[in-house]
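# Notes for the structure review
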Amino acid sequence: IGCIAEYRVAGPFGPHNLLGFDDSLPPERDGVLRQEYELGKLRGVRPTRSVDARGCEALLGGGEYEAGGVYYAEARVQIPRSGRYIVNLETPNSAVLYVNGKERARIDRRQEPSAIDRYLELDLEEGEAIVRVKIASRHANPILAMAVREKTEKDLALPEPNSHLERYLRAARLLGRGDVIG
């Protein structure tokens, strides 16, 4: 698996930046993204577009209407076998992760400032998965990076600290990847 290299993108939905994050917008009701959407007042009907990632990072702007708002990025991911997977979701914006139409994670930066990088453990079924991320941003070109890989026994495990320095380094690493400490 690895980095998601290509997305289909719809947005920015408006008319105002960030305000649509709590709304259920048309892409959330569609099984796959349509060819075009009504983006809201003064934004008109705009086509969805294909966006390629550079490495793991994709810039979601670049459509016919450049503004902040709510964006949807959709990718098809081939899951080789059913099991536990790690989804690395990276964005500085509020985001919702959907897999096959079901909400699997919500990162609301208005309520919980947290690490930009999130490592999510999800059970995924073998076959093609439609992964969609909803992002609310003030920026006309928000960034999204996402990778998927199978979880292993040693995944995310850090050695127990034996000194104050090791305890600090372990805590810094846990915070940096978005884990809860306590």
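Calculation criteria
- Residues numbered from 1 in each chain as written.
- Predicted model: local features only at pLDDT ≥ 70, side-chain atom pairs only at ≥ 80, totals over all residues.
- Heavy atoms only, no water.
- Core = buried A, V, L, I, M, F, W, Y, C linked by side-chain atoms within 4.5 Å.
- Buried < 20%, exposed > 50% of the residue type's maximum accessible area, 1.4 Å probe, protein only.
- Helix = DSSP H or I, 4+ residues; strand = E, 2+ residues; numbered from the N terminus.
- Pairing = 2+ DSSP bridges.
- Salt bridge = Lys/Arg side-chain N within 4 Å of Asp/Glu carboxyl O.

### A closer look at the nonpolar core
Counting residues in hydrophobic clusters, the biggest one holds 30 residues, and the most contacted among them are Tyr 7, Leu 60, Leu 89, Leu 97, Val 133, Leu 144 and Met 146. Where this core is concerned, the elements lending two or more residues are β2 (6–13), β7 (69–79), β8 (83–90), β9 (94–99), β10 (102–107), β11 (117–124), β12 (127–137) and β13 (143–150). Of all the elements, β7 adds the most residues to this core, at 5 residues. If you look at the next biggest cluster of nonpolar residues, it comprises 12 residues, including Ala 10, Leu 39, Val 70 and Val 96.

### A few points about the pairing of β8
Remember that side chains alternate between the two faces of the sheet whenever the strand is regular. Bridge count for β8 against β11 is 8 bridges, and the pairing is antiparallel. Its bridge partner being in β11, Arg 84 is matched across the sheet by Asp 123. Strand direction decides the pairing type here: β8 and β13, joined by 6 bridges, are antiparallel. In the sheet register, Glu 90 faces β13, and the bridge partner there is Ala 145.

### As for the pattern of salt bridges
Per the stated rule, a full pass over the model turns up 12 salt bridges. Note that Glu 128 is salt-bridged to Arg 76, the shortest N-O span being 3.0 Å. Remark: Arg 76 occurs in strand β7 and Glu 128 occurs in strand β12; sequence separation between them is 52 residues. With a relative accessible area of 48%, Arg 76 lands in the partly exposed category. Residue Asp 108 is joined to Arg 110 by a salt bridge in which the shortest nitrogen-to-oxygen separation is 2.7 Å.

These values are about where atoms sit, not about what they do.
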